[in-house]
Amino acid sequence: MSTQSLSSLLSRASIDDHEEVLRSCDAALAKSRSDIQAQHVKVVALLKLDRYEDCLRAFEEGGDILKKKAALEYGYALYKTGHPETAIDVVSSLAGDRGARHLEAQATYRAEKFRRTAEIYQGLSRESAPTANEENDLRINSWATDAQLQWKGHPESVRHTRPTRDDLEAFETVYNAACLSIAKGEFDQAGLLLKRAKELCRTSEDLTPEDRDAELLPIAVQQLYVLICQGKSAEAESILEEISIKDISELSTKRIGQNNAAIARGTTANPYALYKALHEVPDSTDNDKLFDYQYNVMTGNLHAVDLLVHKYDGIIRSTSKALSQAPYPSTEASTNLLSVYNVAARAKGETGTPALKAILSAVERRPKDIGLVLTAVQLYVNLGNTTSAIVILEKTLQLLDESISEQDKEIRFNPGLLSVLIALYKREGRKTQIKAELAKAATFWSGQAAQPTSLLRAAGASLLHSSLASDTSQAAELFNSLYEKTPDDLFAVAGYVASHAAIDYSQVEAQAKYLPSVDDLISDVDVAALETAGIAPSSSITAAAAAAIAGARKRPALNKDRAAKRVRKSRLPKDYDPSKTADPERWLPLRDRATYRPRGRKGKQRAAERTQGGVVSEKSEETTPSGQQQQQKPQAGGSSQKKKKKGKR
């Protein structure tokens, strides 16, 4: 078949058998290897047959001309073979191609660039009205992206809150909404959504029985995780019966399912059985890999079970090798996790003070290892020694501060690391240090392109309460920047108004109208109940003082009509007469009572000296208050007052 006849056939006919198309292309390319159209049709056929590795080889054989002509197909082949970064570079240049933007969103999702993924889906949703199938895909993928943003620690970028009625009509959307609830820690809500997703999947008419079973397995694995977190062991056992680990095709889902099933079955009682169960599933590869947060958890579980079976030397060797190739210092969770398990293996199962000795020696060798330092901080806190925890963390931060590396500076003011230091300061009531640290962090991040919003908000709120003009000025700058970036954020608006109102209220009068009124803010406050409850003790009051105040509040008011408390006879003196009134000064010493009369000459003299307004004698002026003559103190060395006469010895 000639090249022209193949092109003519493909233009007039529609062939459903991709194997037949592939054979025709191979026959045409055998005669003319430079036939670009035959090469294009071949790579499409290979993609339809899910032969992605063969498709990538065909692109390499076709050269740059084929890659440019079939850029979308080339990017898809790269994405499916586990090269998302390269795929992003290829398809991002295809401006105006809606399909290329969908592929870029998929590739950025796989590369864990979830903010960019969210931007692409928002842009696709705002543009021309999508088709019915595309609208459904956008809804499903947007929910999945928000779930990953929540797991990744970017809750401010999450757009979805609660699923709408349209979201609850497809099991994929309901499943992704459940994943978002799990990421937020809302397990009750997640459990209800997963049950809904399972019902929709079972009653779906668009799925074959095989596809239905394949879709139900991930839902059941997620249900098992939720039930384990809720501590519902009985329900978890029933879900286990629905899960067949060997039938899960995706290796990443299979690893997660095996991990959750092993924990739910209680194999932790036998660490060797747990070790075997967790190592049965092979590692996933290419495009079927765990996300970072999943990988960190799974790696931590594997190292933990290695510790349980006393494989200390193996852990030390493997983690030390990995740490030698990792950046130092680092805030990556995977790197710091290696440090934690490395020192745990060196401690050999010890806890408390013995384990702390091993950790401190490791910190001396690697003083800027964040994983080691935070482990030492945690142990100090567990032992109740907050001061030492602060000292060791401050030493590391000082080393990072003195470094000339920009990477070290970013780690020095990392929001997570600073939150640990501020939490320790709060435990000891160091308000001045908290404000100083937040101010320094705000100064550093203000000059950076990527700024942590949560840290800047905390710094602005802290500086706003300061009485120093420099602090209030810095707070005004911070809230001005936050307001310009997020004018719809009420926190930023409130901070902007509060920081500028004292300077010039006319500047912020328009913004103040958007803030809720004081009446709305206190509408649900029960003033009478607050007055009845009294004033709560300050956090700076010691525990003993707080207990004393609490005890004082519990004392009932005096009731004069209340019957006198009965006293047992054994508690009364022998000469007690109930008809006589007791002396009100009976608790005072004798010399302080009004009826006291001194006896003897010396006693009368002391009484006269204590009397106010009496005559003062010269003798009394020369005496001490006790009436005794004051004597001069001897010189050092014990020499007498009189000097010895000079004379010959």
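Cut-off values and rules
- Residues numbered from 1 in each chain as written.
- Predicted model: local features only at pLDDT ≥ 70, side-chain atom pairs only at ≥ 80, totals over all residues.
- Heavy atoms only, no water.
- Helix = DSSP H or I, 4+ residues; strand = E, 2+ residues; numbered from the N terminus.
- Buried < 20%, exposed > 50% of the residue type's maximum accessible area, 1.4 Å probe, protein only.
- Contact = heavy atoms within 4.5 Å.
- Areas by Shrake-Rupley, 256 points an atom, 1.4 Å probe, with all protein chains shown as cover.
- Salt bridge = Lys/Arg side-chain N within 4 Å of Asp/Glu carboxyl O.
- Axes fitted to C-alpha atoms, helices over the stretch in contact; angles between N-to-C directions.
- Left-handed = near helix turned anticlockwise from the far one by under 90°.
- Nonpolar A, V, L, I, M, F, W, Y, C, P; charged D, E, K, R; others polar.
- Expected span 1.5 Å × (residues − 1).
- Core = buried A, V, L, I, M, F, W, Y, C linked by side-chain atoms within 4.5 Å.
- Parallel < 35°, antiparallel > 145°, perpendicular 65-115°, else oblique.
- pLDDT = per-residue confidence, 0-100.
- Phe/Tyr/Trp six-rings, centres within 6.5 Å; stacked < 30°, edge-to-face > 60°.
- Lys NZ or Arg CZ within 6 Å of the ring centre and 35° of its normal.
- Patch = residues over 30% accessible without salt bridge, like charges linked within 9 Å, V, L, I, M, F, W, Y side chains within 5 Å.
- Lys, Arg positive; Asp, Glu negative; His and termini not counted.
- Charge placed at Lys NZ, Arg CZ, Asp CG, Glu CD.

Asker: Explain the overall build of the chain to me, please; I cannot follow it from the model alone.
Answerer: Along its length, the chain carries 33 helices and zero strands. Every one of the 649 residues in the chain was classed for burial, and the buried ones make up 35%. Considering only contacts in the chain between residues 6 or more positions apart, those separated by 24 or more positions represent 53%. Carbon and sulfur atoms form 51% of the exposed surface of the chain, whose accessible area is close to 41,500 Å².

Asker: Which parts of the structure should I look at to understand the pattern of salt bridges?
Answerer: One side chain can pair with another of opposite charge once the charged atoms of both are near each other. Overall, the coordinates contain 23 salt bridges when judged by the stated rule. With a closest N to O distance of 2.5 Å, Glu-134 and Arg-98 form a salt bridge. Here Arg-98 lies in helix H7 (residues 98–110) and Glu-134 lies in helix H9 (residues 132–152), a separation of 36 residues in the sequence. Put simply, Arg-412 and Glu-437 hold a salt bridge, and the shortest N to O gap is 3.2 Å.

Asker: Please clarify how the packing of helix H15 (residues 271–278) against helix H16 (residues 292–308) should be interpreted in this entry.
Answerer: How two helices pack is summed up by the angle between their axes together with the distance between the axes. At a minimum axis separation of 9 Å, H15 and H16 run at an interaxial angle of 150°. Of the two elements, H15 crosses H16, and the hand of that crossing is left-handed. Contact residues: Pro-271, Leu-274, Tyr-275 and Leu-278 in H15; Asn-301, Leu-302, Val-305, Asp-306 and Leu-308 in H16. When the residues that make up the contact of H15 with H16 are grouped by side-chain class, the tally is seven nonpolar, one polar and one charged.

Asker: Looking at this structure, I do not really get unusual backbone geometry. What am I missing?
Answerer: Comment: phi is negative for the bulk of residues other than glycine, and the bulk of peptide bonds are trans. Cis rather than trans, the peptide bond between Tyr-328 and Pro-329 has omega equal to -5°. Following the sequence through the fold, Pro-329 ends up in the loop between helix H17 (312–325) and helix H18 (333–347). The phi dihedral of Glu-112 is positive, around 65°, even though this residue is not glycine. You can see Glu-112 is positioned in the loop between H7 and helix H8 (114–126). For Glu-112, a relative accessible area of 16% corresponds to the buried category. If you check the backbone angles, His-310 has positive phi at about 65° while not being a glycine. Checked against the element boundaries, His-310 lands in the loop between H16 and H17.

Asker: Can you help me understand H16 in this one?
Answerer: Residue pairs spaced three or four apart in an α-helix point in one direction, given the helix's 3.6 residues per turn. With 17 residues, H16 should cover 24 Å at 1.5 Å per step; its first-to-last C-alpha distance of 24 Å lies within 8% of that length. Burial in H16 covers these residues: Asn-296, Met-298, Thr-299, Gly-300, Leu-302, His-303, Val-305, Asp-306 and Leu-307. The elements touched by buried residues of H16 are helix H14 (251–264), H15, H17 and H18. Phi for His-310, located one or two positions after H16, is positive at around 65°.

Asker: How should I be thinking about the nonpolar core in this particular structure?
Answerer: Note that soluble globular proteins tend to have their nonpolar side chains buried in a common cluster. Grouped together as the largest cluster of nonpolar side chains are 50 residues, with contacts concentrated most on Val-377, Leu-393 and Trp-445. Leave out the neighbours within four places in its chain, and Leu-393 touches Val-373, Val-377, Leu-417, Val-420, Leu-421 and Leu-424. One finds Val-41, Ala-58, Ile-88 and Val-91 within the second-largest nonpolar core, a separate group that totals 28 residues.

Asker: What should I look at first to understand the packing of helix H10 (residues 171–184) against helix H11 (residues 187–202) in this one?
Answerer: Interhelical geometry of H10 versus H11 gives an angle of 165° and a closest axis separation of 8 Å. It follows that H10 is roughly antiparallel to H11 by the angle criterion. Considering the relative orientation of H10 and H11, their crossing is left-handed. Where H10 approaches H11, its residues Phe-171, Val-174, Tyr-175, Ala-177, Ala-178, Ser-181 and Ile-182 are matched on the opposing element by Phe-187, Gln-189, Ala-190, Leu-193, Leu-194, Arg-196, Ala-197, Leu-200 and Cys-201. Of the residues assigned to the contact of H10 with H11, the class counts are 13 nonpolar, two polar and one charged.

Asker: What exactly am I supposed to notice about the confidence of the model for the chain here?
Answerer: Here the chain averages 80 in pLDDT, and 84% of its residues register 70 or above. Counted against residues more than four places away or in other chains, residues 546–554, with its pLDDT under 50, gives five contacts. Under a pLDDT of 50 for its full length, residues 619–646 has, in the predicted model, eight contacts with residues more than four places off or in other chains.

Asker: Sorry, what's going on with the environment of Leu-56 here?
Answerer: Along the chain, the position of Leu-56 falls in helix H4 (residues 52–69). The spacing of Leu-56 and Leu-46 is ten residues in sequence and 9.3 Å in space, taken between C-alpha atoms. The residues touching Leu-56, leaving out its near neighbours within four places in the chain, are Tyr-74, Ala-77, Leu-78 and Thr-81.

Asker: Before we go on, may I ask you to explain the environment of Lys-431 in this structure?
Answerer: One can find Lys-431 in helix H24 (residues 431–446). You can call Lys-431 exposed: its relative accessible area is 68%. Along the sequence, Lys-431 and Ser-462 sit 31 residues apart, while their C-alpha atoms lie 9.5 Å from each other.

Asker: I tried to follow the packing of aromatic side chains on my own but got confused; where do I start?
Answerer: Each aromatic ring pair is characterised by the separation of its centres together with the angle its planes make. With the rule as written, the count across this model stands at eleven aromatic pairs. An aromatic cluster is present here, built from Tyr-109, Phe-114, Trp-151, Phe-291 and Tyr-293 joined pairwise through their rings. Just above the ring of Phe-413 sits the side chain of Arg-412; from NZ or CZ to the centre is 4.6 Å. The side chain of Arg-457 reaches across the aromatic face of Phe-491, ending 4.2 Å from its centre.

Asker: Any chance you could explain a negative patch on the surface here in plain terms?
Answerer: A grouping of Glu-210, Asp-211, Asp-213, Glu-215, Asp-247 and Glu-250 is seen on the molecular surface, where their side chains present a negatively charged patch. Counting through the fold element by element, Asp-211 comes out in helix H12 (residues 209–230).

Asker: What is the right way to look at a nonpolar patch on the surface in this model?
Answerer: Nonpolar side chains collect at one region of the surface, where Val-518, Leu-521, Ile-522, Val-525, Val-527 and Leu-530 lie side by side and expose about 560 Å² of accessible area between them. If you list the elements that add at least two residues to the nonpolar patch, you get helix H29 (518–521) and helix H30 (527–533). Relative to the helices and strands, Leu-521 resides in helix H29.

Asker: Before we go on, may I ask you to explain helix H26 (residues 469–485) in this structure?
Answerer: For H26, with 17 residues, the first-to-last C-alpha span of 25 Å sits near the 24 Å given by 1.5 Å per residue. Among the residues of H26, Asp-471, Gln-474, Ala-475, Ala-476, Leu-478, Phe-479, Leu-482 and Tyr-483 are the ones counted as buried.

Asker: When you look at the side chain of Thr-375 in this model, what are you seeing that I'm missing?
Answerer: Within the secondary structure layout, Thr-375 lies in helix H20 (residues 370–382). Accessibility expressed as a relative area gives 18% for Thr-375, which makes it buried. Other than its neighbours up to four places away in sequence, Thr-375 contacts Val-340 and Ile-359.

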